[in-house]
Every structure is written in structure tokens, then in C-alpha cells.
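Take a look at the letters that make up each chain.
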Amino acid sequence: VRLIQLAQQARASRVDLGRAAVPLRPTSAVFITLNPSYAGRSPLPETLKSLFRQISMVSPDSTVIARTSLLAHGFDERETLAVSGTLVALMRICKEQ
């Protein structure tokens, strides 16, 4: 991870990862996601944690997203209320997959 970050800072077009030099796009990024509530997960080592900025995320409000999307696509408020429940249910099913 540190090699990739150093190559990005140097604006290199390639990064040497031991056995191969891999192309590096300037728009690339490295993310690490952890969900501490899953069983069997261990915490990230401090040496690796220090390379990243920590952020917190919350679950989005599917109802607000559904209503906003429907209104943005031209549905009126009455239609939006009628359809948003179905859309929220569909979003919930997709999220669980």
C-alpha cells in the first residue's frame, strides 16, 4: 500500500510491486473498508491504519432517495408517494443481495 501511495505522490506512471511493474493511473486511489460488527474480523494494524484517513459511514435513507429520484424524473408528489414504497422495498432487496 505504501509503495502505491509513494508512486502516486511522485506522479509515477508505474509502480513496482515486486515481481511486476504495474501501470498507475493518476486517478487511482486505495480504500480499505472494515465492518467491525462482522464476526471474525480483526482490527487493522496501527502501521497500516496510519497510512489512511478514517471516516465513518451511515446507512442511507432509502425513502428519501426514492422520493428524490422519482421527483427528479418528473413524477408528481401523489405518484411519488404511491411508488416510493415499492421502490424502497426493491432497494432493500438489492442491498441484501
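The structure contained in this document is the topic of the report that follows. Keep in mind that what you see is a predicted model, and the values were worked out from it rather than measured.

## Details of the overall build of the protein chain
Scanning the protein chain from terminus to terminus reveals four helices and two strands. Order of helices (α) and strands (β) in the protein chain, N terminus to C terminus: α-β-β-α-α-α. Its C-alpha atoms give the protein chain a radius of gyration of 21 Å, more than 25% over the compact-globule value 13 Å for 97 residues. Residue pairs at least 24 apart in sequence account for 25% of intrachain contacts in the protein chain once pairs closer than 6 positions are excluded. In the structure as shown, the protein chain presents an accessible area of about 8500 Å², 58% of it carried by carbon and sulfur atoms.

## Here's the deal with unusual backbone geometry
Comment: phi is negative for the bulk of residues other than glycine, and the bulk of peptide bonds are trans. Of note in the backbone geometry, R11 takes a positive phi value of approximately 55° without being a glycine. Position of R11 relative to the elements: it lies in the loop between α1 (2–9) and β1 (14–16). With a relative accessible area of 76%, R11 lands in the exposed category.

## A look at the pattern of salt bridges
Where charged atoms from two side chains of opposite charge come close, those side chains can pair. In total, this model carries one salt bridge according to the counting rule given. E46 is the salt-bridge partner of K49, the closest N and O atoms lying 3.4 Å from each other. You can see K49 and its partner E46 sitting in helix α2 (residues 46–49), three residues apart, about one turn around the helix.

## Focus on a nonpolar patch on the surface
Together, L3, L17 and V22 make up an exposed nonpolar region whose accessible area comes to about 240 Å². Counting through the fold element by element, L3 comes out in helix α1.

## What about the environment of Q5?
Tracing the backbone through its elements, the reader meets Q5 in helix α1. Given a relative accessible area of 14%, Q5 falls into the buried group. Once residues lying within four places of it in the same chain are set aside, the contact partners of Q5 are L51 and F52.

Definitions and limits used
Along each chain, the written sequence defines residue order, and numbers are assigned to residues from 1. Two thresholds apply to this predicted model, a pLDDT of at least 70 for residue-level local features and 80 or more for giving and counting side-chain atom pairs, whereas whole-chain, interface and lining totals are computed over all residues. Note that the side-chain values use all heavy atoms of the structure and ignore hydrogens as well as water. Numbering goes from the N terminus for both helices and strands, where a helix is a DSSP run of H or I of at least four residues and a strand is a run of E of at least two. Using C-alpha atoms as the atom set, the radius of gyration is obtained and then compared with a globule rule of 2.2 Å times the number of residues to the power 0.38. Here, residues are in contact when the closest pair of their heavy atoms is within 4.5 Å. Only the protein chains shown count as cover for residues, and all accessible areas are computed by the Shrake-Rupley method using a 1.4 Å probe. Buried means the residue's accessible area, taken with a 1.4 Å probe over protein chains only, is under 20% of the maximum for its type, while exposed means over 50%, and partly exposed covers the values in between. For salt bridges, the criterion is a side-chain nitrogen of Lys or Arg within 4 Å of an Asp or Glu carboxyl oxygen. Two distance rules govern patches: like charges are joined within 9 Å, and nonpolar side chains (Val, Leu, Ile, Met, Phe, Trp, Tyr) within 5 Å, applied only to residues with over 30% relative accessible area and no salt bridge.

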